[in-house]
Amino acid sequence: MTRPLTDDQRLLQDSAREFFAERAPVKALRADRAAGRPFDPALWQEIAALGFAGAAVPEAYGGSGMGWRSLGLVLEAAGRTLVASPLLQSALVGVAAIEALGSDAQRAAWLPAIAAGEMTTALGLDEGAHHAPSRIAMRAVREPGGWRLEGQKRFVPDGATASHLLIAALAAPTPGAPESLSVFCVAGSADGLVRKPLAMADSRGMADLDLTAVRVADDAVLGSVGEAATALEGVLDTARIGLAAEMLGAADALFALTLDHLKTRRQFGQPIGAFQSLQHRAARMFVDLELTRSCVLAALDALDDAAGVSTSVRSAAAQGASVASVASVASLASLASLAKARAGDTLHLVSNEAVQLHGGVGMTDAYDAGLYLKRARVLETLYGTAGWHRDRSARLDGY
Amino acid sequence: MSLETFRRDTRAWLETNCPAAMRTALDEKEVVWGGRNASFPNDDARLWLERMGERGWTAPTWPAAYGGGGLAPAENAVLQEELRRIGARAPLWSFGLWMFGPVLLEFGSEAQKHAWLPDIIRGRIRWCQGYSEPGAGSDLASLATRCEDRGDHFLVNGQKIWTSYADKADWMFCLVRTDTTAKHAGISFIVFDMRTPGVETRPIALISGESPFCETFLTDVRVPKDQLVGQLNGGWEIAKRLLTHERQSISTAAFGGGVGLDLVTAAQQSVGLMCGQLADGDLRVRIAAFRMQERAFHLTVRRAQAEARAGGNIDHLAPLFKYAAASVNQQRLELLVETLGLGGLGWEGDGFHPDALRATRHWLRSKGNSIEGGTSEINLNVVAKRVLGLPDPT
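Residues numbered from 1 in each chain as written. Chains lettered and ligands numbered in written order. Predicted model: local features only at pLDDT ≥ 70, side-chain atom pairs only at ≥ 80, totals over all residues. Heavy atoms only, no water.

Draft legend 1. Structural view of the overall build of chain A. Counting its regular elements, chain A contains 11 helices and nine strands. By the compact-globule yardstick of 21 Å for 399 residues, chain A fits well, its C-alpha radius of gyration being 21 Å. Across its three principal directions, the C-alpha atoms of chain A cover 80 × 45 × 40 Å. Within chain A, the proportion of its 399 residues that are buried is 58%. Residue pairs in contact within chain A that sit at least 24 positions apart in sequence constitute 74% of those at least 6 positions apart. Put simply, chain A has 37 plus and 43 minus side-chain charges, and the middle of one group is 6 Å from the middle of the other. (Helix = DSSP H or I, 4+ residues; strand = E, 2+ residues; numbered from the N terminus. Rg over C-alpha atoms; globule rule 2.2 N^0.38 Å. Buried < 20%, exposed > 50% of the residue type's maximum accessible area, 1.4 Å probe, protein only. Contact = heavy atoms within 4.5 Å. Lys, Arg positive; Asp, Glu negative; His and termini not counted. Charge placed at Lys NZ, Arg CZ, Asp CG, Glu CD.)

In C-alpha cells form, the structure reads like this:
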C-alpha cells in the first residue's frame, strides 16, 4: 500500500492532466452548459482514443490493462477541470460492474465496446435522493426466457445519455426463493423505459428512470440472479474510490486557483495572502488535502491489490466465501469509506473557502469557483455523503 | 555483506542478546534515559543498553569512528524491521540521539565529535536543550541570554525555560547571544556541563501534575571556548536544523503511546452499545470522524516514507507532520476522557482504574503538543510561507 507512482503512472498522470487542461478546461463545461448538452460526444471519442476509457479494462478485452490506480489518476486529472464525460459511469462503474459480475461472454461483448468509447453505461441503483443501497424496491420478475423489470430509479448519473443502463433490482433465482440484488443490462432504447432528464445545479446529466414492464432476456443478467449482492458492494466501493479520486482533483485545482488569488489580489497595499488569518486557512486546507491524497492513493492501491482476490471471492461466493477473502473485502470497504468521506469533507471545505476567499468575484457566474462549488455538492452526495460513510465505518468496526 | 546475510546475523544476534523482558511493551515509567545518574527499571534494561550501545546500534547510522553502528540506510531498515519483529524496546531515549547528535555530526569539529558522540551512543551522558527563554518563545531568535568573550573563556548570564529534564541532565546544548546588534546573526550554539558553577535548575509543576520541564538560571557560567559548536554568531542555522530533527522525533515518536486504552474498546465498555451501535450517537460519529483523521495521518506518514525511500522529495510534507500529529493526539485524548465520563477525570487513588488515571494525565499533558517544539500556529506559518509561497506582510 501507498506505493510511490511508477514512471508509467507519472507519465500517464502528466499526459492526462495536459490533455484535459488543453482540450477540456472549465470553459468546455461552460460551452456544454450553453449548448444544453450534458457532455461533448467528440471529446468522449478522444478520451477513448487515448486509452482512458479502457484504462481499467484488461488487455485481453481490448483495454490498456493499467489498473485502478491508473484510472484513478485519469479521474483525478479530469476532476481538476470538471470534465463532463462518461468517464466515471462507464470507464469506472460500468467496467467494475461487468468485471466483477459479468460472465465471460458478457465481458467479451461489453468491455471492448466501453474501451472503444462505443458503449456507455449508467448504474441505476438508488431510488431516492439519498444513497441507500439497502433500500431498493425495484423488482425483476421471472418470465419465460427472461425477466420483466418494474420500478423507478432516481438521480441516475448519465441516465439520459448512456447507451446501456445497469439496473439493480431484487430478484429470486427460482420462484419462492429469497430475493437478492441482481444487476440487469438494459438498452437505452428498451420498450417501457422512460428517461426524464434532470436539470441539476452542476449542469451535468442526471435522469430519473421509469421502468414499466421492461423485458430483458436471460443474457441481460450480469452473472446470474442471486449471486450479485456481495460483489455489488465491491463495485460500489470501486465507484466510491474512483469518485474520491475525481473529487481530490477538483479540490486540488480549486485550492490552486484560490492560492493564486491570495497571491495576486491586493488590499491595504499588499497581497491579501500576506495576512496571517488567510495564511492559516490556506495552510489548513493544504494539510487536509495531503491527508486526503494519502487515503485516495491507498484506496486505489487496495483496489489493484484486491483485483486478484475479487476473482476468488466471485468463485467462492457460491460455496461460501473464504475467511481471508472476506477480511480483505472488509478492509477494502473500510478504505473506500475512508477515501470517500475524507474527499467529501475536503472538497466541502475547499469549495466553501474558495468562494469566501475570492470575495465578490467568487459569487459571480463568470468566475469558476461557483462551478466547482456546485459540482462539489453533487459529488459529495453521490454514493454516500461523508456522514453516511462515517456511519458505515463505525458499523464495520463494530460500534 | 549482502542484506540477506546481514538480516540473518542480526536476527541471530538479537535472539541471543535481547533479554526476554525487553521484548514487552514499553511503559513510560520504564523508559531508560541514561546519564551519569541513570536509573534502570531492572537489570535486563541495563544489559540491553550496554549490549546495543557497544554495537553502536543505539545510533545505527552514525559513523563507527565515533562509536555508532556505521550502517547503511538499507541495513538500518533491516535492523529496525528485526527489532520490530521481536517487539524489542528502544534501549535508550535521548535528546542526544534525537537532536544534538545529528547536528554535531553536521556542524561539529572532529575533536568535538570524538568528545561527545560516544557518550551519547552509550547513554553515559544525558543532554538537555537550552532554547526557549521567558521572552523568547515562538520568536526564538529574540533570545537574550548573554555570552561574552572573556579571552580564555565565555561568560554566560541569562535564563532558559521549558528545558525538558534539565534537573536530570548532565550537559546542555544552548543558544546564546554573542552579538546584540544583529538578531539571527548574533546567536551562537554552545554546550556545557550542568555541574558548572552558576547553573541552577527549578522544575515547573504542570497542569498534569508532572514536572518534565524546568527553568534554568545561568549566572556567570564559565564555558571553555572549545565548547562553541560551529562558527561564532553562526548558531541560528544549527538551531533551525536541530528544530527539524526535534519536530520529526516529536511527531513520529513521542506522541500517541502509553495510555493503554483503545478508544473504541473504552467506548464500547464505558458508554455501551444499543442495537450494536454506541448508545451515544453523537459521540459515535465524532469517534468515527476522528479515527478517519488518525488513519489519514498514518497513511500520510507511510506515503512520505515510501516516497523518501524511492528518492522523492518530501519537503512539502515535512512541516505538516508535527501540526497534524499534535492535533490527532489531542483529539484522541479529548475523546478518550469524554468516553470515560467522570471516570476519566480522576486525579489519583484506588477509586479509579490505573488506565483511566493515565488517560487523565495524558490528556492534560497533550495540551502541550501544540505548543512545544514550535506551536501549531508557527507550523501553519511555515506551511503557508515555505510550502505555499504566500508572501510576508509589508
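Picking up where we left off.
Draft legend 2. How the structure looks around the environment of Arg150 of chain B. Tracing the chain through its elements places Arg150 of chain B in the loop between strand S2 (146-149) and strand S3 (153-164). Spatially, the C-alpha atom of Arg150 of chain B lies 9.9 Å from that of Val223 of chain B, the residues being 73 residues apart in sequence.

Draft legend 3. Broad picture of the interface of chain B and chain A. Across the boundary between the two partners, chain B contributes 42 residues, which contact 42 residues of chain A. Approximately 3500 Å² of surface area, both sides summed, lies buried where chain B meets chain A, with 65% of it carried by carbon and sulfur atoms. Looking only at chain B, the three residues that lose the most surface to chain A are Met292, Arg303 and Leu388 of chain B, adding up to 19% of its buried area. Between the two partners, chain B and chain A, sit three salt bridges. One salt bridge connects Asp397 of chain A with Arg291 of chain B, and the closest N-O pair in it is separated by 2.8 Å. Linking chain B with chain A are 17 residue pairs in polar contact (both at pLDDT 80 or more), by the criterion used here. For the side of chain B that touches chain A, the elements supplying multiple residues, two or more each, are helix H7 (263-270), strand S10 (277-278), helix H8 (281-309), helix H9 (318-340) and helix H11 (376-387) of chain B. Considering every element that reaches the side of chain B that touches chain A, the biggest residue donor is H8 of chain B, with 17 residues. (Buried area = accessible area lost by both parts, 1.4 Å probe. Salt bridge = Lys/Arg side-chain N within 4 Å of Asp/Glu carboxyl O. Polar contact = N/O pair within 3.5 Å; in protein donor to acceptor, adjacent residues only side chain to side chain.)

Draft legend 4. Helix H5 (residues 87-101) of chain A, seen in detail. An ideal rise of 1.5 Å per residue puts 21 Å on 15 residues; H5 of chain A measures up with 20 Å between its terminal C-alpha atoms. The axis of H5 of chain A is deflected most strongly, by about 30°, at Gly94 of chain A. (Expected span 1.5 Å × (residues − 1). Bend = angle between axes of the 7 residues up to and from the residue.)

Draft legend 5. Inspection of the packing of helix H1 (residues 7-23) of chain A against helix H4 (residues 68-80) of chain A at higher detail. Residues and elements named next belong to chain A. The contact between H1 and H4 brings their axes to 9 Å, and the two run at 25°. Compared by their axis directions, H1 and H4 come out roughly parallel. As H1 packs across H4, the resulting crossing turns out to be right-handed. On the side of H1, the interface is formed by Gln9, Leu12, Gln13, Ala16, Arg17 and Phe20, while H4 contributes Arg69, Ser70, Leu73, Val74, Glu76, Ala77, Ala78 and Arg80. Residues that form the contact of H1 with H4 fall into these classes: seven nonpolar, three polar and four charged. (Axes fitted to C-alpha atoms, helices over the stretch in contact; angles between N-to-C directions. Parallel < 35°, antiparallel > 145°, perpendicular 65-115°, else oblique. Left-handed = near helix turned anticlockwise from the far one by under 90°. Nonpolar A, V, L, I, M, F, W, Y, C, P; charged D, E, K, R; others polar.)

Draft legend 6. Quick peek at the pairing of strand S2 (residues 139-143) of chain A. Residue and element names in this part refer to chain A. Where S2 and strand S3 (residues 146-157) come together, five bridges link them in antiparallel fashion. Bridged to Val141 within S3 is Arg148. Adjacent in sequence and paired antiparallel, S2 and S3 are bridged by two residues, among which Gly145 carries a positive phi angle near 75°. (Pairing = 2+ DSSP bridges.)

Draft legend 7. The domain arrangement of chain B, seen in detail. All names here are of chain B. If you check the domain split of chain B, you get domain 1 (3-93), domain 2 (127-233) and domain 3 (255-387). Computed from C-alpha coordinates alone, the two centres of domain 2 and domain 3 are separated by 32 Å. Taken together, the contacts link seven residues of domain 2 with seven residues of domain 3. Between domain 2 and domain 3, the buried area comes to about 560 Å², and carbon and sulfur atoms account for 65% of it. The largest per-residue losses of area from domain 2 upon contact with domain 3 belong to Ser138, Ile207 and Ser208, which jointly make up 68% of the total buried on that side. (Domains from an automatic or database assignment.)

Draft legend 8. Looking closely at helix H10 (residues 369-381) of chain A. Residues and elements named next belong to chain A. When the terminal C-alpha atoms of H10 are compared, their 19 Å separation across 13 residues agrees well with the 18 Å that a helix rising 1.5 Å per residue should span. Looking only at H10, the buried set comprises Ala369, Gly370, Leu371, Tyr372, Arg375, Ala376, Val378, Leu379 and Glu380. Directly after H10, the chain includes Tyr383, whose backbone phi takes a positive value near 55°.

Draft legend 9. Focus on the confidence of the model for chain A. On average, residues of chain A score 93 in pLDDT, and 94% of them reach the 70 mark or higher. The model gives residues 309-325 of chain A a pLDDT under 50, and that stretch makes 11 contacts with residues more than four places away or in other chains. (pLDDT = per-residue confidence, 0-100.)

Draft legend 10. Quick look at the side chain of Ser85 of chain A. Residue and element names in this part refer to chain A. With respect to the helices and strands, the residue Ser85 is situated in the loop between H4 and H5. The buried category is assigned to Ser85, whose relative accessible area is 8%. Polar side-chain contacts of Ser85 include one of 3.1 Å to the backbone nitrogen of Leu87. Not counting residues within four places of it along the chain, the set of residues in contact with Ser85 comprises Phe39, Trp44, Ile47, Asp158 and Arg204.

Draft legend 11. Spatial organisation of the domain arrangement of chain A. Residue and element names in this part refer to chain A. Taken domain by domain, chain A holds domain 1 (7-119), domain 2 (124-220) and domain 3 (229-396). The C-alpha centroid of domain 3 is placed 28 Å from the C-alpha centroid of domain 2. Taken residue by residue, the interface counts 11 residues in domain 2 and 13 residues in domain 3. When the two sides are added together, the surface that domain 2 and domain 3 hide from each other amounts to roughly 1100 Å², 70% of it contributed by carbon and sulfur. Taken together, the links from domain 2 to domain 3 amount to one salt bridge.

Draft legend 12. Expanded view of the packing of H4 of chain A against helix H7 (residues 229-264) of chain A. All names here are of chain A. As a packed pair, H4 and H7 sit with axes 7 Å apart at the nearest point and diverge in direction by 40°. The angle between H4 and H7 places the two elements in the oblique class. Crossing hand, H4 versus H7: right-handed. Residue-level contacts link Trp68, Gly72, Leu75, Glu76, Gly79 and Arg80 of H4 to Thr238, Gly242, Ala245, Glu246, Leu248, Gly249, Ala250, Asp252 and Ala253 of H7. Residue classes in the contact of H4 with H7 are distributed as six nonpolar, five polar and four charged.

Draft legend 13. Just the nonpolar core, in detail. Ranked by internal contacts, the top residues of the largest apolar core, which has 172 residues, are Phe20, Leu87 and Phe184 of chain A. Aside from chain neighbours lying at most four places away, what touches Phe20 of chain A is Pro25, Ile47, Phe52, Val74, Ala77, Ala78, Thr81, Val83 and Leu87 of chain A. Judged by nonpolar contacts, the second largest core, of 53 residues, contains Leu14, Tyr66, Trp127 and Val191 of chain B. (Core = buried A, V, L, I, M, F, W, Y, C linked by side-chain atoms within 4.5 Å.)

Draft legend 14. Quick peek at the packing of aromatic side chains. Residues and elements named next belong to chain B. Across all of its chains, the model carries 26 aromatic pairs over all chains by this definition. Residues Trp33 and Trp98 carry aromatic rings whose centres are separated by 6.2 Å and whose planes lie at 70° to one another, so their mutual orientation is edge-to-face. With Trp33 in the loop between helix H1 (3-17) and helix H2 (43-55) and Trp98 in helix H4 (residues 95-107), the pair connects residues that are 65 residues apart, well separated along the chain. Residue classification places Trp33 among the buried residues on the basis of a relative accessible area of 17%. Centre to centre, the rings of Phe173 and Phe189 are 6.1 Å apart; their planes meet at 5°, and the pair counts as stacked. Taken together, the positions of Phe173 in strand S4 (residues 171-177) and Phe189 in strand S5 (residues 187-193) put the pair 16 residues apart, joining distant regions of the chain. Take Phe173 and Phe189: they sit in the same class, and that class is buried. Among the aromatic side chains, those forming a connected cluster through ring pairs are Phe100, Trp116, Trp127, Tyr131, Trp171, Phe173 and Phe189. (Phe/Tyr/Trp six-rings, centres within 6.5 Å; stacked < 30°, edge-to-face > 60°.)

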